[in-house]
Amino acid sequence: MDARRRPAMPAWNRPGSLVLACLLSYGVAHLVVMDIVRLPGPASGEATALGQIMALALLPVLIVLGFGAHARHVGLFVVGGCGLAAALVGAVLS
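Residues numbered from 1 in each chain as written. Predicted model: local features only at pLDDT ≥ 70, side-chain atom pairs only at ≥ 80, totals over all residues. Heavy atoms only, no water.

Colleague: In this structure, what is going on with the environment of Leu50? I would like to understand it.
Modeller: Tracing the backbone shows Leu50 in helix α2 (residues 44-67). The class for Leu50 is partly exposed, based on a relative accessible area of 44%. Along the backbone, Leu50 and Val33 are 17 residues apart, and their C-alpha atoms lie at a distance of 8.0 Å. (Helix = DSSP H or I, 4+ residues; strand = E, 2+ residues; numbered from the N terminus. Buried < 20%, exposed > 50% of the residue type's maximum accessible area, 1.4 Å probe, protein only.)

Colleague: Before we go on, may I ask you to explain helix α1 (residues 14-38) in this structure?
Modeller: Count 3.6 residues to each turn of an α-helix, and residues three or four apart come out pointing the same way. With 25 residues, α1 ought to run about 36 Å at 1.5 Å a step, and its terminal C-alpha atoms sit 36 Å apart, in line with that. Considered for burial, the residues of α1 that qualify are Ser17, Ala21, Ser25, Val28, Ala29, Val32, Val33, Asp35 and Ile36. (Expected span 1.5 Å × (residues − 1).)

Colleague: Would you explain the side chain of Ser17 in this entry?
Modeller: On the secondary structure map, Ser17 appears in helix α1. Here Ser17 is in contact with Phe67, His73 and Leu76, once residues within four sequence places are set aside. (Contact = heavy atoms within 4.5 Å.)

Colleague: Please clarify how the packing of α1 against α2 should be interpreted in this entry.
Modeller: Relative placement of two packed helices is described by the angle separating their axes and the distance separating the axes. Direction vectors running N to C along α1 and α2 enclose 155°, while the axes themselves pass 8 Å from each other. When the axes of α1 and α2 are compared, the pair comes out roughly antiparallel. Crossing hand, α1 versus α2: right-handed. Split by residue class, the contact of α1 with α2 holds 19 nonpolar, 6 polar and 1 charged. (Axes fitted to C-alpha atoms, helices over the stretch in contact; angles between N-to-C directions. Parallel < 35°, antiparallel > 145°, perpendicular 65-115°, else oblique. Left-handed = near helix turned anticlockwise from the far one by under 90°. Nonpolar A, V, L, I, M, F, W, Y, C, P; charged D, E, K, R; others polar.)

Colleague: Even after reading the chapter, I still don't get the packing of α1 against helix α3 (residues 74-93), so can you show me in this structure?
Modeller: One way to put it is that α1 packs onto α3 with a least axis distance of 9 Å and a crossing angle of 20°. Classified by the angle between their axes, α1 and α3 sit roughly parallel to one another. Considering how the two elements wind past one another, α1 and α3 form a crossing that is left-handed. The segment α1 lies against α3, with Ser17, Leu20, Ala21, Leu24, Ser25, Val28, Leu31, Asp35 and Arg38 engaging Leu76, Val79, Cys82, Gly83, Ala86, Ala87, Val89, Gly90 and Leu93. Residues of the contact of α1 with α3, tallied by class, amount to 12 nonpolar, 4 polar and 2 charged.

Colleague: Before we go on, may I ask you to explain the environment of Ala86 in this structure?
Modeller: Inspection of the secondary structure assignment puts Ala86 in helix α3. When the C-alpha positions of Ala86 and Val28 are compared, they lie 6.9 Å apart, and in sequence the two are 58 residues distant. Setting aside anything within four residues of it in sequence, one finds Ala86 in contact with Leu31 and Asp35.

Set out below in structure tokens:
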């Protein structure tokens, strides 16, 4: 089918996708902070500050990736995969 003749995607699911992308991204950023705190090495306060800096830099990227993918819900699956990877790293570090 020609791209010009393709029907537009309905707008009713866009706010839901945005909310889900924000929630998933926040969860992934939280897991990144927890994983960095569990790493052996620097003091707990320094590790927490480093984790918060990384999460603050990562959060907008994850939200845009989760919401802005061209294909339907592919970005949400990518952000979910990042969360799964962060959870697995946290399980290995424990």
